[in-house]
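Summary of the model geometry
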Amino acid sequence: MSGLRDRIVRLIQTSGPISVAQYMTLALHDPKEGYYATRDPFGAGGDFITAPEISQTFGEMLGWAIAEAWLDWGSPLNPTLVELGPGRGTLMSDMLRTMKALPRLWSQLRVAMIENSPTLRAVQQQTLAGTGVPIRWADSFAEAEIEGPLYVVANEFFDALPIRQWVHTGEGIFRERLVGLDPDGAFRFEASPWPLPFLPPGGEQTAVGTIYETTDASELVMEDIGRAIQEQRGAAFAFDYGYDKKGFGETLQAVRQHTYADVLNNPGENDLTAHVDFPALVEAAKRGGAEPLELMEQGEVLKMWGIEARAEQLGGGAMMERQIHRLIAPDQMGKLFKVLCVIPKNASVPAGFAHR
Ligand code: SAH
């Protein structure tokens, strides 16, 4: 039995059932035993694999797209490249290698890494040692207090932020889904006494037990990013798996060693993620004052950015082909993964994107 599990049990015994968001936060970020605090979860030997860990071309294409966007908009002075949830630092390293080819950008570029796991920060510091640009770390986007133009990238960051769940208990009333304890002391889901303060559109027609998810944490971050981009110029590119139309149903999932696990089992041992609610992120970016562009599929964007030509240039081969296929094929990551680009109002649209 894990120590973290015992501590969550005691917390529920003393102060009552906790929200799904609280449970996710404890399981992922507890400073001693949280998932991200205790391990490097990426790669074949880890729990899951991400686009930058699959192929260097992913970061190269993104680095090039940002460099182009910066040139296109008149090379604004002293840009900061910001990455949210940089994992092992692989994506940043691949982007920087590409940007180095542009001395005018390189000489004034600064980097901000938004990472709240000390373990992963240490890995990132190692990956990026000797890069030759000033790099600083912050726990959150708000705390980083970025000044000047900013180019923000996030790959599989928003899916790791806590969500809240609401369950239809009848007569169109949704109550918060909480994590409580059954008589044997095991975790179980239960419904809160308090209802959701609003009725989700179409909610009264759903079956009892239907789940509705909300994403306050992601929305707050995206609103801050939208505000900064509108006021300071730049752009944001968020890659993640998620849906383009808001609906009902549960998307919270636990993954360990590339297989699904039970969300309520072994907190701190499994990665917990949820599908990203892109329509909510779009609205959040607008509230910040910026312009969210049309949501694109990862496969389409990478192809338009020339990922296939880059793979050839690197020598091609069966292995490389398999990696690129994994990133862009519709039955792999190409369709499920989406890209949301946010720019200031009246700025030019980066290659591969269009106004909504
Ligand atoms: N972008 C990387 C890693 C994705 S995993 C890649 O593509 O490989 C999620 C990353 O977000 C991890 O680095 C994790 O530590 C970080 N993270 C998760 N929640 C966070 C939060 N609330 N604040 C800051 N970083 C967070």
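Computed from a prediction, not measured in an experiment: that's the story for all the values here. (Residues numbered from 1 in each chain as written. Predicted model: local features only at pLDDT ≥ 70, side-chain atom pairs only at ≥ 80, totals over all residues. Heavy atoms only, no water.)

When helices and strands are counted, the protein chain shows 14 helices and 17 strands. For a compact globule of 356 residues, the expected C-alpha radius of gyration is about 21 Å, and the protein chain comes in at 21 Å, within 12% of that figure. Projecting the C-alpha coordinates of the protein chain onto the three principal axes gives extents of approximately 65 × 40 × 40 Å. Residues classed as buried in the protein chain amount to 56% of the 356 residues present. In the protein chain, 75% of the contacts between residues at least 6 apart in sequence involve partners at least 24 apart. For the protein chain, the accessible area works out to roughly 15400 Å², and carbon and sulfur atoms hold 51% of it. Taking the average location of the 31 positive side-chain charges in the protein chain and that of its 46 negative ones, the two points are 2 Å from each other. (Helix = DSSP H or I, 4+ residues; strand = E, 2+ residues; numbered from the N terminus. Rg over C-alpha atoms; globule rule 2.2 N^0.38 Å. Buried < 20%, exposed > 50% of the residue type's maximum accessible area, 1.4 Å probe, protein only. Contact = heavy atoms within 4.5 Å. Areas by Shrake-Rupley, 256 points an atom, 1.4 Å probe, with all protein chains shown as cover. Lys, Arg positive; Asp, Glu negative; His and termini not counted. Charge placed at Lys NZ, Arg CZ, Asp CG, Glu CD.)

What sets the pattern is the α-helix's 3.6 residues per turn: residues three or four places apart point alike. Turning to helix α2 (residues 20-29), its buried residues number three or more, namely V20, A21, Y23, M24, A27 and L28. Along the axis of α2, the buried residues cluster in a sector spanning 160°; they form a single face. (Arc of directions from axis to C-beta.)

The next thing to look at is the pairing of strand β6 (residues 164-168). For a regular strand, side-chain orientation follows a simple rule: the groups alternate between the two sheet faces. Burial runs high along β6: 4 of the 5 residues are buried. Both β6 and strand β9 (residues 211-214) contribute to a ladder of 4 bridges, which runs antiparallel. Note that in β9 the partner of R164 across the bridge is T214. Between the antiparallel neighbours β6 and strand β7 (residues 174-181) lie 5 residues, among them G170 with a positive phi of about 115°. (Pairing = 2+ DSSP bridges.)

Moving on: the nonpolar core. If you look at the biggest cluster of nonpolar residues, it comprises 50 residues, and the most contacted ones within it are L81 and W305. Residues V152, A284, L340 and V342 belong to the second largest nonpolar core, which totals 31 residues. (Core = buried A, V, L, I, M, F, W, Y, C linked by side-chain atoms within 4.5 Å.)

What follows deals with the packing of helix α1 (residues 3-15) against α2. The contact between α1 and α2 brings their axes to 11 Å, and the two run at 150°. As the angle between them shows, α1 and α2 are arranged roughly antiparallel. Between α1 and α2 lies a crossing whose hand is right-handed. On α2, the residues touching L4, I8 and L11 of α1 are Y23, L26 and A27. Within the contact of α1 with α2, the residues separate by chemical class into 6 nonpolar, no polar and no charged. (Axes fitted to C-alpha atoms, helices over the stretch in contact; angles between N-to-C directions. Parallel < 35°, antiparallel > 145°, perpendicular 65-115°, else oblique. Left-handed = near helix turned anticlockwise from the far one by under 90°. Nonpolar A, V, L, I, M, F, W, Y, C, P; charged D, E, K, R; others polar.)

Here we come to the site of the ligand. In the region of the ligand, 18 residues are neighbours, and T50, G85, G87, E115 and N155 sit closest. In the model, a nitrogen atom of the ligand is placed 3.2 Å from a nitrogen or oxygen of the H29 side chain. A distance of 3.0 Å is found between an oxygen atom of the ligand and a backbone nitrogen or oxygen belonging to G87. Look at the ligand: alone it shows 570 Å² of surface, and the protein chains cover 94% of it. (Near = heavy atom within 4 Å. Polar contact = N/O pair within 3.5 Å; in protein donor to acceptor, adjacent residues only side chain to side chain.)

Interface extent is often summarised as the accessible area lost during association of the parts. Under the domain assignment used here, the protein chain contains domain 1 (3-33 + 164-213) and domain 2 (35-161 + 216-254 + 270-343). Each of domain 1 and domain 2 has a C-alpha centre, and these two points are 30 Å apart. Contacts between the two partners involve 23 residues from domain 1, matched on the other side by 20 residues from domain 2. At the boundary of domain 1 with domain 2, total buried surface from both sides reaches about 1600 Å², with 58% on carbon and sulfur atoms. Of all residues in domain 1, the largest losses of buried area upon contact with domain 2 belong to M24, L28 and E213, amounting jointly to 41% of the total for that side. Inspection of the region where domain 1 meets domain 2 yields 2 salt bridges. In this structure, the salt-bridge partner of R177 is E250, at a minimum N-O distance of 2.8 Å. Linking domain 1 with domain 2 are 9 residue pairs in polar contact (both at pLDDT 80 or more). For the side of domain 1 that touches domain 2, the secondary structure elements donating two or more residues are α2, β6, β7 and β9. (Domains from an automatic or database assignment. Buried area = accessible area lost by both parts, 1.4 Å probe. Salt bridge = Lys/Arg side-chain N within 4 Å of Asp/Glu carboxyl O.)

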